[in-house]
Amino acid sequence: MALLECKNLCVGYGSKIVQENLNFSVEKGDYFFIIGENGSGKSTLMKTLLGFIKPLDGSIEYSSEWNRKGIGYLPQASEIQKTFPATVWEIVISGCQSSLGLFPFYKKSAVLNARKNMERLGIQNFAKKGFKELSGGQQQRVLLARTLCAASSVLVLDEPAKGFDSEITETMYKLVYELNKDGMTVITISHDLDAASEYGNKILKLGKSWEITFNGGKND
């Protein structure tokens, strides 16, 4: 089942075209990689899919299961985020804000969800620590846990392993792969063709031209 389908999609800013005539779909359960060099339009495409910017031409058709409230979006980490003055628990639970409604307190279900995601990512022992005290890899796990609190069906990740060494990068991709195996649809921007080939079942390569390839993803 297609969660979204792009038809002759043209993306860019203002009158500047970055990519055009894109035709692809993201199916429920996909681990979909968007790869390419800097300036190839990866982030522009992702922001267009998320509705942050409008297509310059063409169309994106969404299924009823593509629900903005069920999407967890993890942008590239900024330097400001790395020094944010909050505890790990405060950051993770903030991903549940959409569940607050008219009430100023988190429901029990939100607290349980935050705890579950912290355990999932192995950061439950960091709950009371200051976020800025953690290593880069630990911080990224915290931000991913926060994103999971906001996601019920789709994870959208922009360079989740950027700037990390090979060990942390491998760990991050394995974590996301396990989430995908558990039923989460994942759309990931990456420079890493090796990771895309190992874990993704669809790879959209952007450049002067574009192509989409299919594989079976990681063999267990």
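Each remark here, short or long, concerns the structure printed above.
Everything numeric here is computed off the predicted structure, so don't read it as measured data. (Residues numbered from 1 in each chain as written. Predicted model: local features only at pLDDT ≥ 70, side-chain atom pairs only at ≥ 80, totals over all residues. Heavy atoms only, no water.)

Participant: How should the overall build of the protein chain be read in this particular structure?
Facilitator: Counting its secondary structure elements, the protein chain contains seven helices and nine strands. The C-alpha radius of gyration computed for the protein chain amounts to 17 Å, which stays within 12% of the reference 17 Å derived for 220 residues, consistent with globular compactness. Across the 220 residues that make up the protein chain, the buried fraction comes to 45%. Within the protein chain, contacts between residues separated by at least 24 positions form 68% of all contacts whose residues are at least 6 apart in sequence. If you sum the accessible surface of the protein chain, you get close to 11,500 Å²; carbon and sulfur atoms cover 50% of it. Counting 26 positive and 24 negative side-chain charges, the protein chain places the averaged centre of each group 8 Å from the other. (Helix = DSSP H or I, 4+ residues; strand = E, 2+ residues; numbered from the N terminus. Rg over C-alpha atoms; globule rule 2.2 N^0.38 Å. Buried < 20%, exposed > 50% of the residue type's maximum accessible area, 1.4 Å probe, protein only. Contact = heavy atoms within 4.5 Å. Areas by Shrake-Rupley, 256 points an atom, 1.4 Å probe, with all protein chains shown as cover. Lys, Arg positive; Asp, Glu negative; His and termini not counted. Charge placed at Lys NZ, Arg CZ, Asp CG, Glu CD.)

Participant: Would you mind going over the sheet that holds strand S9 (residues 211–214) with me for this structure?
Facilitator: With mixed pairing, six strands are arranged side by side in an open sheet as S5-S6-S7-S3-S8-S9. Since the sheet does not close on itself, it has two edges, and those belong to strand S5 (71–74) and S9, each with one partner. When strand polarity is set aside, the average angle formed by the axes of neighbouring strands in this sheet is 15 degrees. The sheet contact formed by strand S3 (residues 31–35) and strand S7 (residues 185–190) spans five bridges and is parallel. Note that in S7 the partner of Ile-34 across the bridge is Ile-189. (Pairing = 2+ DSSP bridges. Axes fitted to C-alpha atoms, helices over the stretch in contact; angles between N-to-C directions.)

Participant: In this structure, what is going on with the sheet that holds strand S2 (residues 16–27)? I would like to understand it.
Facilitator: Adjacent strands of a sheet form backbone hydrogen bonds with each other and so pair up, either parallel or antiparallel. Read from one edge to the other, the open sheet built from three strands follows the order S2-S1-S4, with strand pairing classed as antiparallel. Unpaired on one side and paired on the other, S2 and strand S4 (57–62) mark the two borders of the sheet. If you compare each strand with its neighbour and ignore which way they point, the axes differ by 15 degrees on average. Judged from the eight bridges that link them, strand S1 (residues 2–13) and S2 form a sheet pairing that is antiparallel. By the bridge assignment for S2, Cys-6 is matched with Phe-24.

Participant: Can you walk me through the packing of helix H4 (residues 108–120) against helix H5 (residues 136–150) in this structure?
Facilitator: Two numbers describe a pair of packed helices, the interaxial angle and the distance between the axes. H5 packs onto H4 with a crossing angle of 140 degrees between their chain directions and a minimal axis gap of 9 Å. The angle between H4 and H5 falls in the class oblique. Seen from above, H4 lies across H5 with right-handed handedness. Contact residues: H4 offers Asn-113, Ala-114, Asn-117 and Arg-120, while H5 offers Ala-145, Leu-148 and Cys-149. The residue makeup of the contact of H4 with H5, split by class, is four nonpolar, two polar and one charged. (Parallel < 35°, antiparallel > 145°, perpendicular 65-115°, else oblique. Left-handed = near helix turned anticlockwise from the far one by under 90°. Nonpolar A, V, L, I, M, F, W, Y, C, P; charged D, E, K, R; others polar.)

Participant: Mind showing me how you'd approach helix H6 (residues 166–181) here?
Facilitator: Every α-helical turn comprises 3.6 residues, leaving residues that sit three or four positions apart pointing alike. Here H6 is 16 residues long and its end C-alpha atoms lie 22 Å apart, about the 22 Å a rise of 1.5 Å per residue gives. For H6, every residue scored as buried is listed here: Thr-169, Met-172, Tyr-173, Leu-175, Val-176, Tyr-177, Leu-179 and Asn-180. Each element contacted by the buried residues of H6 is listed here: S3, H4, H5, strand S6 (154–158), S7 and helix H7 (193–199). Positive phi appears at Gly-183, one or two residues downstream of H6, with a value of about 115 degrees. (Expected span 1.5 Å × (residues − 1).)

Participant: What exactly am I supposed to notice about the nonpolar core here?
Facilitator: One recurring pattern in soluble globular proteins is that nonpolar side chains are buried together. By size, the foremost hydrophobic cluster in this structure holds 42 residues, and its most contacted members are Val-92, Leu-144 and Leu-155. Elements with a minimum of two residues in this core: S3, helix H3 (88–93), H4, H5, S6, H6 and H7. Sequence-distant contacts of Val-92, defined by excluding residues within four places in its chain, comprise Ala-114, Met-118, Ile-123, Val-142, Ala-145, Arg-146 and Cys-149. Core analysis: the next-biggest nonpolar cluster, separate from the first, contains 23 residues, Leu-3, Val-26, Met-46 and Ile-189 among them. (Core = buried A, V, L, I, M, F, W, Y, C linked by side-chain atoms within 4.5 Å.)

Participant: Any chance you could explain the side chain of Gln-139 here in plain terms?
Facilitator: If you trace the backbone, Gln-139 turns up in helix H5. Residue Gln-139 is classed as buried on the basis of its relative accessible area, which comes to 7%. In this structure, Gln-139 is in contact with Lys-82, Phe-131, Lys-132 and Leu-134, ignoring residues within four places of it in sequence.

Participant: Help me out: how do you make sense of unusual backbone geometry in this one?
Facilitator: Glycine aside, residues mostly have negative phi angles, and peptide bonds mostly take the trans form. The phi dihedral of Asn-8 is positive, around 50 degrees, even though this residue is not glycine. Along the chain, Asn-8 turns up in strand S1. Look at Glu-159: it is not a glycine, yet its phi comes out positive at around 50 degrees. Relative to the helices and strands, Glu-159 is located in the loop between S6 and H6.

Participant: Would you explain the side chain of Lys-202 in this entry?
Facilitator: Assignment of secondary structure puts Lys-202 in strand S8 (residues 202–205). Residue classification places Lys-202 among the buried positions, given a relative accessible area of 8%. At a separation of 3.1 Å, a polar atom in the side chain of Lys-202 contacts the side chain of Asp-30. Leaving out residues up to four positions away in the same chain, Lys-202 has contacts with Ser-25, Val-26, Glu-27, Asp-30, Tyr-31, Phe-32, Phe-33, Thr-213 and Phe-214. (Polar contact = N/O pair within 3.5 Å; in protein donor to acceptor, adjacent residues only side chain to side chain.)

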